[in-house]
Amino acid sequence: MVQYFKIMGSGAGPGTPSFFCDCPGCREARENPATARTRSGALIATGQANILVDTPPDLKAQLVRERIERIDEVFLTHWHYDHFGGLGELEYYVKLSRKDRIPLYLPPSAIEQFFAAFPNLIEVFRVVPWGFAVQYRFGDLTVTPLAANHGIETAGFLVETPRARLAYFPDTAGLPAPTALRTEGVDWLVCDATFYGENWFPESHMSVAEAIALGRRVRAGRTVLTHMSVHYSEPVTSAELAAAVAGHPGVSAAYDGLTIDL
Ligand SMILES: [Zn+2]
Ligand SMILES: [Zn+2]
């Protein structure tokens, strides 16, 4: 049975390249599409089920790129456009292929906003509010929403199998104490590193340096930086970023399609 966690997108809200930006990072991504970063999302393959974590606006391109042909569950971290904007991309999959609504686990505070924004998707999703610290079980793999620091109600997800523990926190500024305790010693921390250089939003995001420090604080085996914007504050290319993290053992930068065996 193959169980894995896959980064579907590793970019922050504007994506890389952004259509309106000509920084060195965006220029690099235009010249070499392998360094492009679509908006943040992930896929957990349990062996029996494919679970999408977030539905960014780039969802269709991500599913085609990774040759994912089946979606069984969807969990959203929070109700920001870069994480929910691709919900409608699942409409034709449900109507033409799956022919059954997909369970959609939402932050409790986002339920009303979902129905207000997407009245046309009521036939596509069976909406379920997730609960913090509730363990959702898929065979021997569990997914547990844990509180993040991101202004609005936001979860990161702790993914656990008998072999590995992985914490995915694409949007957070550090971790609330109970969350840090629960993620202590994870094999993998995949976390928000939106800013290279100065952090413009220290209440809701982290910089590369802060993400590396968080990984050390929770004693993560490996820290993987994601939700990266290469054009905020200090623009950076993928090549420069790789060189900058090379001096930190156990730290690496995510890329679209990165797969971690669980
Ligand atoms: Zn957000
Ligand atoms: Zn985001």
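Look a little higher up for the structure.
A brief look at the structure comes next. Note on numbering: residues in each chain are counted from 1, in written sequence order. As they are written, the chains are lettered A onward and the ligands numbered 1 onward, keeping that order. With pLDDT at 70 or above as the cut-off, local features in this predicted model cover only qualifying residues; side-chain atom pairs require 80 or more to be listed or tallied, and sums for whole chains, interfaces and linings still use all residues. Here the side-chain values reflect all heavy atoms present in the structure, with hydrogen atoms and water set aside.

**Topic: the coordination of the zinc ion (ligand 1)**
Item 1. Those donors, H78 (NE2), H80 (ND1), H150 (NE2) and D171 (OD), are the protein atoms that reach the zinc ion (ligand 1), and they lie 2.1 to 2.6 Å from it.
Item 2. Only N, O and S atoms count as donors, using a 2.8 Å cut-off from the metal and 3.2 Å for Na, K and Ca, and because water is excluded some sites may appear unfinished. Irregular is the label for any site that misses the other tests, which are tetrahedral for four donors with all angles between 85 and 135 degrees, and square planar for four donors or octahedral for six when opposite donors exceed 155 degrees and the remaining angles lie between 65 and 115. Around the zinc ion (ligand 1), the four donor atoms sit at angles spanning 85 to 176 degrees, and that spread fits a shape best called irregular.
Item 3. Mapped onto the polypeptide sequence, the residues donating to the zinc ion (ligand 1) form the spacing pattern H-x1-H-x69-H-x20-D.
Item 4. If you look at the zinc ion (ligand 1) and the zinc ion (ligand 2), they sit 3.4 Å from each other and are both ligated by D171.

**Observations concerning the sheet that holds strand β8 (residues 141-147)**
Item 1. Between any two strands, at least two bridges found by DSSP are needed for them to pair. A run of DSSP states H or I qualifies as a helix once it reaches four residues; a run of E qualifies as a strand once it reaches two. Both are numbered from the N-terminal end. The seven strands are arranged β7-β8-β9-β10-β11-β12-β13 in an open sheet whose pairing can be described as mixed. The sheet terminates laterally at β7 (136-138) and β13 (251-253), the two strands that pair on one side only. Between one strand axis and the next, the sheet turns through 20 degrees on average, direction left out of account.
Item 2. Taken together, the three bridges between β7 and β8 define a ladder with antiparallel strand orientation. Its bridge partner lying in β8, R137 is registered against T142.
Item 3. Contact between two residues is taken to exist if any of their heavy atoms lie within 4.5 Å; hydrogens are not considered. All axes here are fitted lines through C-alpha atoms, helices being fitted over the stretch that makes contact, and every angle between N-to-C directions spans 0 to 180 degrees. Along the sheet face, helix α7 (residues 208-217) touches β11 (188-192), β12 (222-226) and β13 and points at about 155 degrees away from the line of β12.

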